Amino acid sequence: MEKVLSRFAAVSTDPYTALTTWKQDTGRKIIGCFPMRIPEEIIHASGMLPVVMWRGNEAVTLGHSYVHNFNCGLTRSFIDDVMKEKLNFMDGMIFYRSCLQAEEIPSTIELNAPPSHFLYLYLPPLYPGIPFRDFLIQELKRMKQRLEEWSGQEITNESLNNSIEIYNKNRSLLKRIYELRKKRPGTIKAREMLAIVHSSMLMDKEEHNSLLESLLPELEGRKELTGDKIRVVLSGGLCQTPHTAILDLIEETGMVVVDDDIYTGSRYFANDVTLGDNPLESLADRYMKKTPPDPTMGDWNTLWTDYMVDKVKENSAKGMVSLLIKYCPPHLCYYPDIRRRFDKEGIPEVLLEVEHEIVSLEQVRTRLQAFIEVIKGGA
Amino acid sequence: MRQQFKINRLATTGLMGPMVDKHWEELRTAKERGEKVAWCSGVPFIFAYAMDMKCHFMAGYSAYCAGRKAAEQILEIAENTGELPDTCSYHRLHMGMAEAVKNGIPVKEDVILPIPDLMIAGRVCPEMSHYAEALYRKFGIEVVGIELMTPYQESDYSFLEPFVERQFKEVLIPKMEEVCGKPFNYDRMREILTVLKKVATIRNECLEYFKKVPSPWTLWDYGVSLAPVIYLMGKPETVPYYEKLKAELEDRAKNNISAISPEEKYRVFWDGWLPWGFLGQFARKITSYGANPISGRYPWEMFPRPDLIDPEGDPVRTFVKALYTGTMLGNNMAKPGLSLMDKIVPEYNIDGIIFFTAKSCRIWKGQMTMLNQMERRYGIPGITLEADMADGKMFSEAQIDTRLNAFFEVLEARKEKRRWI
């Protein structure tokens, strides 16, 4: 078990080595996808490896010659990695806009250090009206066609459905691990869970599935945490990984994470794709699901706050930790609603504004300790 | 002692204030006359105008609010009601204004907005839709969403236009008809487009005068004159305004009168938003070096291709064409933006570029790349000024002064290399 967990942690903390090795071993192409919405299954069906773009593991230096320092960590860090030639193993990159900063990356890369293959997609918001779904399918077709050109391999309905099955299996295995954590909090540390999900974004899915299958029974045998730990839910980190040091701090200060609403967590594997005769339409249907609510998707009717409150209640959690990535406009614009709603519900919530650069952990510790006092005071 | 410079003000631009004030006053008092009101981000306000709704335009209103020195007060209301300070200042302005009106918090009277019957979320940038979504959640105001994606590159126009046209026809127009209780007025839309075409054509003739050395007008003058080619769209009085402006420029050009007195020392490209809340402040600073900003991506995105507008045909289709093929929605992206600069820098004899970057808005993409590219391609230096379009807390005056000083020292040192002397 520890070997599998170490493997996941190694991939998550050093994807550069893991992917370079994978590429050398397999001779296959790697395609970077901007986080959140790109249907990786289509890339998988083309025989190439889709990997979700990540926030790197070092301070931004060269990147600041290409992007303003008041952009979010993912934007700055990804551009920095490209300019430092750390991502040369990526054969292609696919972008779309989820926010204004997501629009900054593609042209910066294409104009300064273009990969061999490059695609900018227009993925629409979840606005009511038939034109949006039609346009989405049109864009997925364009993506499929481009991937066929890049890989020299036709993507058939059969191969796409096969990839969808592999991805659905991965989602169901990840869900089982989450269920296990819910039932037996503390069995899996927050940083371990992050590595499990994050490595799924960076590894061949079949290999990840097989590792998860070997891991699950062993995790089930792990001892549950004992003691008076405060159950909390994490939310935020819409498209990038939170610092593991902060996750550790949450646990060190006396809390246990029972569930989450973060991208490198439950949001990544939230919905399966229904298999059907037209797999592109099936992928579009998954894209158009309104849950978990996503503040980047323009859906004003499905309340993210309802989803968060339900998550806290169904997990019998005592509070929620909001991880707001510094300069993340969709989260910034939504946050006042979250604050108001949690106040109204009488559920403690704490805001941690997190940056790509090293944050002051002692400051975070103080906030978390105050948060615990609030929870205990209300208990 | 450093040479003293000043702007020779145009007489015509003084006529714009009352026109703009009248527009916002008509909107402010619309409910008293039983008129329907919409708030709109992006350009779909034309559809509200065609239905005789009074409609605000998000960026235009924010500029007006900042120009009227009301931003600070409204931003404070927003922050007191939970908005976070890094959020887009235009978003915060609208959240603060809605809060003030709903809860009777006093604000400067001339910037008050009535709570709308409908919010048209024209998603040119996602933040432009977040305020509508937030106001729906907070006050239950009805929303209609339109995706106005910014084209990444020119070759994408062909498949983006049919999607936007469908959204206007299948989503927005039915919603307008439902809210207004009457069929959509295509003829009125044609009338508005007819006036717009005329005004934008004369405006383009005025822009030609920026090419003259010395230029008879400044970007600050043009900034004041933007409303007729955007939210005053279709107002008949906008035509004589631009006719007068053109005549005044013609006269100045004939007599070789420079906008900067006693001489135009440097010709500058201004990238990014115009700093609406601090226009006078920036104009004075830049002018003090004898510099004249004569072009920029933002002012160049106001219907630059009126020749593509065909009011006699399908008004919706021609409007969409003006937005995409007409390059109205693309300049803020790096690739189309670079194409524009490649055209403008040599044609307008630009000496240097000031990249104005708003800390709460990242809509002007590619600035750092452009800075590098312009230096490489034309030997044109550039600087970035970090500030904001409306929030005074987001900039340090001393830092801006230091950067401007350094920038103009570089321009002075390169004077001999100027292409246009």
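1. Re the environment of B:Asn332
All names here are of chain B. Looking at the element boundaries, Asn 332 is found in the loop between helix H12 (315–323) and helix H13 (334–347). It is 4.8 Å that separates the C-alpha atoms of Asn 332 and Trp 364, two residues lying 32 residues apart in sequence. Excluding residues within four positions of it along the chain, Asn 332 makes contact with Thr 150, Arg 297, Ile 363, Trp 364 and Lys 365. At 3.3 Å, the side chain of Asn 332 forms a polar contact with the backbone oxygen of Ile 363.

2. Observations regarding empty space enclosed by the protein
This structure, assessed with the given rule, holds 10 cavities of 30 Å³ or more. Taken as a whole, the largest cavity encloses approximately 640 Å³ of empty space. Along the wall of the largest cavity there are 39 residues; nearest its centre are A:Met36, A:Arg37, A:Arg267, A:Arg286 and A:Asp294. Counting residues per element, the ones that place at least two in the lining of the largest cavity are helix H3 (40–45), helix H7 (157–183), helix H11 (263–267) and helix H12 (279–287) of chain A together with helix H6 (127–139) of chain B. Ranked by residue count, the leading element in the lining of the largest cavity is H12(A), at three residues. Per-class residue counts for the lining of the largest cavity are 22 nonpolar, four polar and 13 charged. Roughly 210 Å³ of volume is contained in the second largest cavity. Here the residues of the lining of the second largest cavity are counted per class, giving 13 nonpolar, two polar and one charged. Taken together, domain 1 (15–185) and domain 2 (189–417) of chain B each give at least three residues to the lining of the second largest cavity, which thus spans both.

3. Comments concerning the interface of chain A and chain B
If you look at the interface, chain A gives 59 residues, while chain B gives 57 residues. On the chain A side of the interface with chain B, the three residues burying the most area are A:Arg97, A:Leu100 and A:Trp300, jointly 16% of the side's total. Here chain A is connected to chain B by six salt bridges. We note a salt bridge from A:Asp337 to B:Arg137, for which the minimum N-O separation is 2.5 Å. Seen at the junction of chain A and chain B, the total is 20 residue pairs in polar contact (both at pLDDT 80 or more). Among the elements that line the side of chain A that touches chain B, the one with the most residues is helix H5 (residues 100–112) of chain A, at 10 residues. Taken together, the residues of the side of chain A that touches chain B break down into 32 nonpolar, 15 polar and 12 charged.

4. Focus: the sheet that holds strand S4 (residues 117–120) of chain A
Note on sheets: strands pair through backbone hydrogen bonds, and any given pair is parallel or antiparallel. Residue and element names in this part refer to chain A. Taken in spatial order, the four strands make up an open sheet running S2-S1-S3-S4, and their pairing is parallel. With partners counted over all chains shown, the strands left at the sheet margins are strand S2 (49–52) and S4, one partner each. Shown here is a sheet whose adjacent strand axes are inclined to one another by a mean of 20°, direction ignored. When strand S1 (residues 30–33) meets strand S3 (residues 92–95), the two strands line up parallel, connected through three bridges.

5. Considering the side chain of B:Ser225
Residues and elements named next belong to chain B. Tracing the chain through its elements places Ser 225 in the loop between helix H9 (219–224) and helix H10 (238–254). Using a relative accessible area of 0% as the deciding quantity, one classes Ser 225 as buried. Within the structure, the side chain of Ser 225 is placed 2.9 Å from the backbone oxygen of Asp 221, a separation counted as a polar contact. If we skip the residues at most four places from it in the chain, Ser 225 touches Thr 13, Tyr 241, Tyr 242 and Leu 245.

6. Digging into helix H14 (residues 367–378) of chain B
Between its terminal C-alpha atoms H14(B) stretches 16 Å, which fits the 16 Å expected from 12 residues at 1.5 Å a residue. Those residues of H14(B) that fall on the buried side of the exposure criterion are B:Gln367, B:Met368, B:Thr369, B:Met370, B:Gln373 and B:Met374.

7. A word on the nonpolar core
It is characteristic of soluble globular proteins that their nonpolar side chains tend to be buried jointly. Residue and element names in this part refer to chain B. If you look at the biggest cluster of nonpolar residues, it comprises 299 residues, and the most contacted ones within it are Phe 47, Phe 168 and Tyr 222. A per-element tally of this core places helix H7 (residues 157–180) first, with 12 residues. The residue makeup of this core includes at least three contributed by each of domain 1 (15–185) and domain 2 (189–417). Leaving out residues up to four positions away in the same chain, Phe 47 has contacts with Phe 168, Leu 172, Ile 173, Met 176, Phe 184, Met 189, Val 316 and Phe 319.

The rules we used
- Residue positions within a chain follow its written sequence, with the count starting from 1.
- Following the order in which they are written, the chains are lettered starting with A and the ligands numbered starting with 1.
- Restriction of local features to residues with pLDDT of at least 70 applies here, the model being predicted, together with a cutoff of 80 or more for giving and counting side-chain atom pairs; totals for whole chains, interfaces and linings are based on all residues.
- No hydrogens and no water enter the side-chain calculation; it runs on all heavy atoms of the structure.
- Numbering of helices and strands starts at the N terminus; helices are DSSP runs of H or I of at least 4 residues and strands are runs of E of at least 2.
- Pairs of residues are marked as contacts when any of their non-hydrogen atoms sit within 4.5 Å.
- The term polar contact refers here to a pair of N or O atoms within 3.5 Å; inside protein, the definition further demands a hydrogen-donor-capable atom paired with an acceptor-capable atom, and it admits residues adjacent in sequence only when both atoms are side-chain atoms.
- Cavities and pockets are found on a 1 Å grid laid over the protein atoms alone: a cavity is a set of points where a 1.4 Å probe fits but cannot escape, a pocket is an open set with protein on both sides within 12 Å along at least five of seven lines, and a lining residue has an atom within 4 Å of such a point.
- Grid points are joined across faces, edges and corners, and a volume is the space filled by probe spheres set on the points.
- Each residue is assigned to one of three groups, with Ala, Val, Leu, Ile, Met, Phe, Trp, Tyr, Cys and Pro labelled nonpolar, Asp, Glu, Lys and Arg labelled charged, and all others, Gly among them, labelled polar.
- Segmentation of the chain into domains, including their bounds, is taken from an automatic or database domain assignment.
- The term buried area refers to how much accessible surface (probe radius 1.4 Å) is lost by two components on association, counted for both of them together.
- Any carboxyl oxygen of Asp or Glu that lies within 4 Å of a side-chain nitrogen of Lys or Arg is treated as forming a salt bridge with it.
- When DSSP finds at least two bridges between two strands, those strands are taken to pair.
- Axes here refer to lines fitted to C-alpha atoms; in helices the fit is confined to the stretch in contact. Angles between the N-to-C directions go from 0 to 180 degrees.
- Exposed residues in this analysis have more than 50% of their type's maximum accessible area, buried residues have under 20%, and partly exposed residues fall in between, with area computed by a 1.4 Å probe over protein chains only.
- How far a helix is expected to stretch is found by multiplying one less than its residue total by 1.5 Å.
- In these notes, a set of buried Ala, Val, Leu, Ile, Met, Phe, Trp, Tyr and Cys residues joined through side-chain atoms within 4.5 Å is what counts as a nonpolar core.

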